[in-house]
Every structure is written in C-alpha cells, then in structure tokens.
Amino acid sequence: MAERYSSFRSGSTTWLLQRLTAAFLVVVLAFHFFNLHFVTHAYEIEFAGSQARMETLGYYVTMVLFLVTATFHGVNGVYNALVNQGIDGKAKRAAQIVLGVAGILLVVQGVRVANALAGF
Amino acid sequence: MSESYDRGLVEDFGRWTEFSAGMWAWVFHKFTGWVLVGYLFTHISVLSTSLQGAQAYNNTLSGLEGLALVRILEVGLLAVAVFHILNGIRLLFVDLGVGLEAQDKSFYASLVLTGVIVVASVPTFLAGAF
C-alpha cells in the first residue's frame, strides 16, 4: 500500500527541516514568481524598482529568509540525493564540505546583493 | 496502515519502463530540484551585478531579457518551479499520511495543473520577445 520514495531518513532533524523549509518555500517561491513575472514583468525590472522593493523591511527580511531556506533546501536535497545514490566514506565527507561551503558562500553573496539593493 | 513494500531501487534508472506513478513523481521531483538549485546559484550570480552599480545591473538584466532564448528558458524555469511546488505540496500531505491512497492521482493532477499554468503563462513570459 504505502510506498515511500523519500531520499531522507525519516525522523532525522534534516528530514524535519527539509519539510519545514518546503512549507515556507511553497508560499514564498510562488509569491516571488508572481511578483516578478506577473505584477512586474521580468523584462521591466530595473535597479530602481529592485531598490524600492528591497528598501521595504518586510520584503528584505522575506527575501533573506527565502535565500537561506532555499539554499538549505536545495543543498540538503542534493546531498541526500547523492547519499541515496550510494556515496559514503570520503566521497560523502567531500560532498558535505563542498556543498556546505557552497551554501554558505551563496547565502553570504545573496545577502550582499540584498544589502546593496537596500542601500545598507 | 502502511506496509513494508519492496519497490526495488528507484535510483536504477535502467528500470524506468517498470516505474510506477510514485516513482516517476520521485524522479521528476529530483530533476526539478537539481534544476532549481542550479538556477539559484545562477540567479544570485546575475543579481550580483548590483554590487557594481545601477548601470551594470540594468545593462545585464535588459541584455538577458532581450534574448529570446532566455525568455523561452524562463518558461522552462516556470514549468520546473510550478511542478516542484505542486508535487512538494503533494509530498507534504503524503508525509502527513493524508491522501496516500490517491498519491498516484495527485501526481497526475500536479502534472496537468503544471501544464495548464505554464501554457496560460506563455503570453506573459514571451511578451515582446520576438
């Protein structure tokens, strides 16, 4: 009856975080797409408009949370997919380090972008 | 309640002709996830031109949006994101044990709804591209 196709070990902390970030991202990713493709069309986006949006504290906080949760969800998803493919030992450790560092760099760079647009 | 079920190795893509709906959902969710995480890195790279000032940001974005290929790829990105969102909602319900008996139907519904949303969005995404 119940077929379970998850790449994640049920009950682990990362399993829970993957689902909590998913619930948040479902809403915010849909909002992001709608806001920047239908409310404002992608081809209309300019620095001034991005700046005006990012200067609103609620928008800034939402976008930074979006960045952090999307990075965690994506990097953790890739890691679990690799583990599911059977990597272990040194390969598993290397994946943890490479993906962890890539995730941290992405968040740092994304926050720098948000700060530049917000004028911080 | 749930029973243990030996589905075989879904990671063995050579068995794809034997895949059930739930296994295809797993494969599509992985594929769209890989695309989205790849795009996230690309997206932040492009937006990083804002660190060089308004001119660089505007030139980069208008240059990219002026390419028909980019506009078409954006439709593909929408398809990938919408499917990942809809199937993600399906997975959250499956994890909560809700609608398990209809998990194949909810996968088909995710596919159909993705198709409808993407087709309906094409005029908006491709406006002025050609």
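Residues numbered from 1 in each chain as written. Chains lettered and ligands numbered in written order. Predicted model: local features only at pLDDT ≥ 70, side-chain atom pairs only at ≥ 80, totals over all residues.

### Observations regarding the overall build of chain A
Argument step 1. Counting its regular elements, chain A contains four helices and zero strands.
Argument step 2. Shown N-terminal to C-terminal, the secondary structure of chain A runs as helices and strands in the order α-α-α-α.
Argument step 3. The C-alpha radius of gyration of chain A comes to 17 Å, more than 25% above the 14 Å expected for a compact globule of 120 residues.
Argument step 4. Seen through its principal axes, chain A has C-alpha atoms that stretch 50 × 35 × 25 Å.
Argument step 5. Residues classed as buried in chain A amount to 22% of the 120 residues present. (Helix = DSSP H or I, 4+ residues; strand = E, 2+ residues; numbered from the N terminus. Rg over C-alpha atoms; globule rule 2.2 N^0.38 Å. Buried ≥ 20, exposed ≤ 12 C-beta atoms within 10 Å, placed from the backbone.)

### Observations concerning the packing of helix α1 (residues 13-39) of chain A against helix α3 (residues 57-84) of chain A
All names here are of chain A.
Argument step 1. The N-to-C vectors of α1 and α3 enclose an angle of 130°; their axes lie 9 Å apart at closest approach. It follows from the interaxial angle that α1 and α3 lie oblique. When the axes of α1 and α3 are compared, the crossing they make is left-handed. Side by side, α1 and α3 meet where T14, L17, Q18, T21, A22, F24, L25, V28 and H32 of the first sit next to T62, F66, T69, A70, F72, H73, N76 and G77 of the second.
Argument step 2. Considering only residue class, the contact of α1 with α3 consists of eight nonpolar, nine polar and no charged. (Axes fitted to C-alpha atoms, helices over the stretch in contact; angles between N-to-C directions. Parallel < 35°, antiparallel > 145°, perpendicular 65-115°, else oblique. Left-handed = near helix turned anticlockwise from the far one by under 90°. Contact = placed C-beta atoms within 7 Å. Nonpolar A, V, L, I, M, F, W, Y, C, P; charged D, E, K, R; others polar.)

### Some details on the environment of G99 of chain B
Residue and element names in this part refer to chain B.
Argument step 1. For G99, the location among the structural elements is in the loop between α3 (68-95) and α4 (103-126).
Argument step 2. Residue G99 is classed as exposed on the basis of its 12 C-beta neighbours within 10 Å.
Argument step 3. In this structure, G99 is in contact with F93 and S106, ignoring residues within four places of it in sequence.

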